[in-house]
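Given next are the chains, with one letter for each unit.
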Amino acid sequence: MYANGEILRRNNAVGIDDIRELVLYLVADAPPPNWLRVDNPQQIEKVVTLLIPGLTSELLGLPPFPTSATSNPNLPLAIPFLTCYSSPSDPPLGTSIPFIASTFSHACPTRAPGDQTRMHSVLSAFFHGPVSGEEKRKRTIQRLASEALMNKDPLQYVLTVDQMIENDYPIPSYMADVFQYPPEWKESPKPVNALDSGRHKIYAIDCEMCMTEDGKELARVCIIEYYSEQVIYDQLVKPSKPVTDYLTRWSGITAETLAPVTTTLAQVQAHILNLLSPPLPNPGSTPDASAAVSPLSFLTPILLGHSLESDLKALKISHPYCIDTAIIYYHPRGRPLKPGLAWLTRKWCNRDIQNRGEGGHDPEEDARACVELLKKKLDMGPGFGEFKVDYESIFERMSRSTRRSSAAVRSAVVDYGNPQMMHGAKATTTVGCTSDDEVLKALVDIVPSHHFAFGRFMALGDVLGWTTSKPTPDAPPPTPAPPPEREKVVETLTTLNVHLKTLHASLPPRTAFIIITGHSDPRRMALLNARKMAFETAIRQGKSPEEMLASPWGGKWSSADGRDLEEAVELTKRGLLFLGVKQ
């Protein structure tokens, strides 16, 4: 039962974080929510949560959100049965998905996270939250103990195999058999000696790419020795396929730059692998000769970079020892979000990089920034570059739960793409899908053996045209797509209704069934944000008023536009929540 009195006291509607904590209350050991009453929660054996963008109140025939100053827009709305309608030839769209009205009594308004000018990720808010008080105390004690020792050894930040897998690193076959590499890929030799404190060479590396007929290819690589801060390798590379876009704004590469270059990727790989392959001690050498060779020469070097997995993929090289400044430093909104290198350098080193405008990035500058950030981290301690609120995955929280003493909590994420590399990284089971049919089949198979399962149906949002790509600074604002044909929407809703009925029928008794829509139509918000980004980019580039007026987006951004954006963001943040327990 919804606790309307508590909801009335809130400034905003129920948030995605509230829904996450409800799931953790039912599955793990989070405290009970104050906006909802759950009788006998210990009797609930499983929780299934669905995200279905596009399932709006207008589509379902719900009454509009109240706009009166005396009415609260956050209270749950009773769902009417759509059995009667005035025009039999043109029934409401909600009649195409009767499962909602026949299964749930109310639709609870929700609010997605974000600020005044943008909506933040619903998935990130659901799957990641602040660590519990007890866990935070443990982490604080560990951090203080580490800082008391003033550990300045960079080896403490070398990524573990699990961290590399979680962050989609190419991993050498001798560490984990998780990737199958094409023939052109190379891996550095297996280390002969274990990690030896403070004695490894460290190379900071950064790569720039161009777009070719086969996708992005390496165009330049720069390597800096960490301790001396000297450039030891800086090489332009000739892509193997014809270049379709030099990506000059980001890479700094032009046609003139690459025209005389003959160095191939294979030659670059050979040079870098030579750096990463220390010579073995010669057992036949004399004691004096062995003494003349630095012990550092026999230890596998460490690679340092920012989102280093992207550079390794460009080089088509895998390496066992990596330090990543995008991981050892935190994003202000917590993990799994990663901070940008320019932002980190400005925030923690008090200087600007990547500010060459049309000239693109300088890989030497970026590699030096990584060197500086690691040295700052070692000087200031492990807590440097973190924020007061640390975040963790809900699956980490579930794994510590003592509620189900007989067995560990088993969790699953079924989603489009590769959830193993995204929000499902720490779940027990992940299944990547390409259609709603595949999501349904995987959920039906998985739910019986898991305590918690998450799935996402995307077909409705796609048909409505809600799927929008992230705008780039120089891209023109997107053109709104025409509204979909009613017949196509009805067909999609009918299919979704069958999917929901099939999934619900397969659920075991005492399964909590939760559906969230996440947000409303994001297209107007996306259009206004693209215009705002284009205006701010033009100002930074010093474009004249005439040049700005001639641009596709109209060349201006007024205070009225700012108010329109804030209104559009608030409307986009509105979503719905449906709660029930299968008996």
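Rules used throughout
Residues numbered from 1 in each chain as written. Predicted model: local features only at pLDDT ≥ 70, side-chain atom pairs only at ≥ 80, totals over all residues. Heavy atoms only, no water. UniProt positions renumbered as here; feature names shortened; annotations may be inferred. 1 Å grid on protein atoms, 1.4 Å probe; cavity = no way out; pocket = protein on both sides within 12 Å on 5 of 7 lines; lining within 4 Å. Points joined across faces, edges and corners; volume = space filled by probe spheres on them. Helix = DSSP H or I, 4+ residues; strand = E, 2+ residues; numbered from the N terminus. Nonpolar A, V, L, I, M, F, W, Y, C, P; charged D, E, K, R; others polar. Core = buried A, V, L, I, M, F, W, Y, C linked by side-chain atoms within 4.5 Å. Buried < 20%, exposed > 50% of the residue type's maximum accessible area, 1.4 Å probe, protein only. Contact = heavy atoms within 4.5 Å. Expected span 1.5 Å × (residues − 1). Arc of directions from axis to C-beta. Phe/Tyr/Trp six-rings, centres within 6.5 Å; stacked < 30°, edge-to-face > 60°. Salt bridge = Lys/Arg side-chain N within 4 Å of Asp/Glu carboxyl O.

If you look the protein up in an unreviewed UniProt entry, it shows as Exonuclease domain-containing protein from Amanita muscaria. Entered under Subcellular location (unreviewed entry) in the UniProt record, the comment concerning the protein runs "Nucleus". The heading Sequence similarities (unreviewed entry) in the UniProt record of the protein holds the text "Belongs to the REXO1/REXO3 family."

What about the layout of surface pockets?
Summary: where empty space remains is shown by rolling a probe the size of a single water molecule over the atoms. Of the voids in this model, the second largest pocket is the one considered here, and its volume is about 590 Å³. Lining the second largest pocket are 25 residues; nearest its centre among them are Met1, Val38, Leu579, Gly580 and Val581. Listing elements by their share of the lining of the second largest pocket, those giving two or more residues are helix H2 (16-27), strand E18 (511-516) and strand E19 (574-582). Top contributing element to the lining of the second largest pocket by residue count: E19, with four residues. Residues that form the lining of the second largest pocket fall into these classes: 13 nonpolar, eight polar and four charged.

Some thoughts on the nonpolar core
Grouped together as the largest cluster of nonpolar side chains are 47 residues, with contacts concentrated most on Val47, Phe126, Met398 and Phe452. Considering every element that reaches this core, the biggest residue donor is H2, with eight residues. Not counting chain neighbours up to four residues away, the residues in contact with Phe452 comprise Val23, Val27, Val47, Thr49, Phe126, Ile394, Phe395, Met398, Arg410, Ser411 and Ala412. In this structure, Ala453, Leu460, Trp466 and Leu500 belong to the second largest nonpolar core, which totals 41 residues.

As for helix H19 (residues 486-506)
If you check H19, its first and last C-alpha atoms are 30 Å apart, about what 21 residues at 1.5 Å a residue would give, namely 30 Å. Looking only at H19, the buried set comprises Val489, Thr492, Leu493, Leu496, Asn497, His499, Leu500, Leu503 and His504. The buried residues of H19 all sit within an arc of 170° when viewed along its axis, so they share a single face. Facing away from the buried side of H19, by more than 90 degrees, are the exposed residues Glu487, Lys501 and Ala505.

Some words on the environment of Gly381
Mapping Gly381 onto the fold places it in the loop between helix H15 (363-380) and strand E14 (391-393). Between the C-alpha atom of Gly381 and that of Lys152, which follows or precedes it by 229 residues, the distance is 7.7 Å.

Considering the packing of aromatic side chains
One pass over the structure, following the stated rule, counts 15 aromatic pairs. Seen from their ring centres, Phe99 and Phe513 are 6.3 Å apart, and the 80° between their planes marks the pair as edge-to-face. With Phe99 in helix H4 (residues 99-103) and Phe513 in strand E18, this pair connects stretches of sequence that are 414 residues apart. What makes Phe513 buried here is its relative accessible area of 1%.

Observations concerning unusual backbone geometry
With a phi angle near 65°, Asp168 is a residue other than glycine that sits in the positive phi range. By secondary structure assignment, the location of Asp168 is in the loop between helix H7 (161-166) and strand E6 (186-187). Of note in this structure, Arg510 is not a glycine but carries a positive phi near 65°. Among the secondary structure elements, Arg510 is positioned in the loop between H19 and E18.

Points about the pattern of salt bridges
In this structure the tally under the stated criterion is 28 salt bridges. A salt bridge links Glu364 to Arg368; its shortest N-O distance comes to 3.1 Å. Of this pair, Glu364 and Arg368 both sit in helix H15, four residues apart, which is roughly one turn of the helix. Classification of Glu364 by relative accessible area gives partly exposed; the value is 24%. One salt bridge connects Lys532 with Glu536, and the closest N-O pair in it is separated by 2.9 Å. Here Lys532 and its partner Glu536 are both found in helix H20 (residues 523-540), four residues apart, which amounts to about one turn of the helix. Lys532 gets classed as buried once you look at its relative accessible area, which sits at 17%.

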